[in-house]
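Examining the three-dimensional arrangement
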Amino acid sequence: MSEFNRRSFLKAAAATAAAGAVVACSSTGQGAGAPRALGKSVMGLTVAPMQVVRAAIIGVGERGVGFVSHLCNLDGVELKAICDIDPQVTARAVKVAEKHGRPKPDVYGKTDKHYLDMLARDDLDIVIIATPWRWHHPMAKATMLAGKHAFVEVPMATTIEDLWDLVDTSEATQKNCMMMENVCYGRDELMVLNMVRQGVFGELLHGEAAYIHELRWQMKEIDRKTGSWRTYHHTRTNGNLYPTHGLGPVAQYMNINRGDKFDYMSSMSSPALGRAAYAKREFPADHERNQLHYITGDINTSIIKTHLGRTIMVQHDTTTPRPYTRLNLIQGTNGVFAGFPNRIALEEGGSGSFHEWDYDMQKWYQKYDHPLWTRMGQEAERNGGHGGMDFLMVWRMIYCLRNGVPLDQDVYDGAAWSAVFPLSKASVADRGNSKDFPDFTRGQWQHGKPLGIAS
């Protein structure tokens, strides 16, 4: 590490340690007042354009190996290093990089903390973190303290205190900390954002967002893959464990943190029956999965009220047998869009009657496809990743860094969207009574500019 970077690291570490002390002394969980800022706001943060973005990835298993491929498919990117404690997945990631004709990345992962040695390198600009949830906060914080920009898988963190810590660290270091909510880059979500910006639905009133995705089968992943660690979260938290996929796009439609903000939320859960029943059916009676006590309600429903009075319903269900949906509903004074399946009803400018759904999306795509999708959609679909949204997200991240423009999502977005996790837990435990959202922007939401329609 160069002497300059070493001084910067130590200065940032001291600042963030002070932030932690302030956070610990305040009731951050229920909006009792934000801890003092340790640096200027990072809303709209820009960095000097990078001719080449030098990247590393921590976690190259289920999600991370896809990022290896996406980075290797982009110009102006060098994948310098990867880190994972599982040698099988690091070997696979190296093969993916070499298959794309890229130099072999350096490999870290001898211990759980070996990533710190990787972060000490001087030849990294960004670090992508695709690890189990408990590692998101410490790894993102360490990344910023080491002078790198952090890009974190969802959720950004799972406690209000850790979310504040990442906000404080981003402001203290003036480094990006972006939660990589890929659904914000789906074709449908981008189109709806474009329609909202053009006033197609009128003044916005209400949104609905969800992550309804039957994942009981992950309980059979015992030694590796997502189920080997995610299953245990269903024994620890009764609330919404995974709020951001559906919520992120709706929050962008509503300009959350950019003219409006989440105010408070109430949450309730159904009984937790499905996982225990699945374990009883699929595993021997003495199997470890049958010894666990599952407490996460099979279906969690939360209602958010925003400062401007809008409402958002957010649901979570990874247990019951039902079709996949993120809902993706946005209602305005002139009509509504709803997803899964896509349909539109408008009072003016629609098919003639708002009493019937219009399911024909082609004419709407032709008129309102987002410029990003028009420009990159075919390449995104070719490179894959949830229909192309993963590739487009990574492309856009690199584009912003190489061109010195703000990222589409900042640390305040990641904190607000992720806060549903701990706040839902608190509300469920308190008979559904409302819990206040912290204002992670410290009032800057009143001055933030809405996310534009980038071309």
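Residues numbered from 1 in each chain as written. Predicted model: local features only at pLDDT ≥ 70, side-chain atom pairs only at ≥ 80, totals over all residues. Heavy atoms only, no water.

Once that is clear, we can look at the sheet that holds strand S6 (residues 177–179). Ordered by their spatial adjacency, 6 strands build an open sheet running S3-S2-S1-S4-S5-S6, and the pairing between neighbours is parallel. The sheet is open, and its two edges are formed by strand S3 (106–108) and S6, each paired on a single side. Adjacent strand axes in the sheet meet at a mean angle of 20 degrees when their direction is disregarded. One ladder, built from 3 bridges, connects strand S5 (residues 149–152) with S6; its direction is parallel. When the bridges of S6 are listed, Ala-150 appears paired with Cys-177. The strands touched by helix H2 (residues 64–72) are strand S1 (53–58), strand S2 (77–83) and strand S4 (126–129); relative to S1, the strand with the most contacts, the crossing angle is about 165 degrees. (Pairing = 2+ DSSP bridges. Helix = DSSP H or I, 4+ residues; strand = E, 2+ residues; numbered from the N terminus. Axes fitted to C-alpha atoms, helices over the stretch in contact; angles between N-to-C directions. Contact = heavy atoms within 4.5 Å.)

Taken as a whole, this structure holds 6 cavities of 30 Å³ or more when the rule is applied. By volume, the largest cavity amounts to about 90 Å³. Every residue lining the largest cavity is listed: Cys-184, Tyr-185, Leu-190, Leu-193, Gln-252, His-370, Leu-372, Arg-396, Asp-408, Leu-451, Gly-452 and Ala-454. Taken together, the residues of the lining of the largest cavity break down into 7 nonpolar, 3 polar and 2 charged. Within this model, the second largest cavity holds a volume of roughly 60 Å³. Considered class by class, the residues forming the lining of the second largest cavity number 5 nonpolar, 1 polar and 2 charged. (1 Å grid on protein atoms, 1.4 Å probe; cavity = no way out; pocket = protein on both sides within 12 Å on 5 of 7 lines; lining within 4 Å. Points joined across faces, edges and corners; volume = space filled by probe spheres on them. Nonpolar A, V, L, I, M, F, W, Y, C, P; charged D, E, K, R; others polar.)

Let's shift gears to the pattern of salt bridges. Across all of its chains, the model carries 24 salt bridges by this definition. Of the charged contacts in the structure, one is a salt bridge between Glu-282 and Arg-281, with a shortest N-O distance of 3.0 Å. Salt bridges sharing partners connect three or more residues here, namely Arg-63, Glu-153 and Asp-390. (Salt bridge = Lys/Arg side-chain N within 4 Å of Asp/Glu carboxyl O.)

Side chains His-149 and Phe-151 of S5 all project onto a buried face; the interleaved residues Ala-150 and Val-152 project onto the opposite face, where all are buried too. As paired elements, S4 and S5 share 4 bridges and run parallel to each other. By the bridge assignment for S5, Val-127 is matched with Ala-150. Chirality of the crossover, the property in question, places the unit of S4, helix H5 (residues 136–145) and S5 among those that are right-handed. One crossover worth recording links S5 to the parallel S6 by way of helix H6 (residues 160–173), and it is right-handed. (Buried < 20%, exposed > 50% of the residue type's maximum accessible area, 1.4 Å probe, protein only. Right-handed = clockwise from strand over helix to strand, strands pointing away.)

Tracing the backbone shows Gly-432 in the loop between helix H15 (420–429) and strand S14 (435–436). Sequence separation of Gly-432 and Gln-198 is 234 residues, and the distance between their C-alpha atoms is 36 Å. Among all residues touching Gly-432, those that are not within four sequence positions of it are Ser-266, Ser-267, Met-268 and Ser-427.

Before going further, it helps to spend a moment on the pairing of S2. In terms of burial, S2 is largely enclosed, as 5 of its 7 residues are buried. Pairing geometry for S1 and S2, over 6 bridges, is parallel. By the bridge assignment for S2, Ala-55 is matched with Leu-79. For the segment spanning S1, H2 and S2, crossover handedness is right-handed. The sheet contact formed by S2 and S3 spans 3 bridges and is parallel. Paired with Cys-83 across the two strands is Tyr-108, which belongs to S3. Crossover S2 to S3 through helix H3 (residues 87–99) is right-handed.

Per-residue confidence for the chain gives a mean pLDDT of 93, with 92% of residues at or over 70. Counting contacts from residues 1–32, a segment whose pLDDT is below 50, to residues more than four positions away or on other chains yields 47 contacts. (pLDDT = per-residue confidence, 0-100.)

Given 3.6 residues per turn, any residue in an α-helix points the same way as the ones three and four places further on. When you tally the buried positions in H15, you get 7 out of 10 residues, the bulk of the element. Along H15, the residues that are buried comprise Val-420, Phe-421, Pro-422, Leu-423, Ser-424, Ser-427 and Val-428. Tucked inside the fold, the buried residues of H15 contact H6, helix H9 (244–253), strand S8 (262–269), strand S9 (300–306), helix H14 (411–418) and S14. Positive backbone phi, approximately 60 degrees, marks Arg-431, located one or two places after H15.

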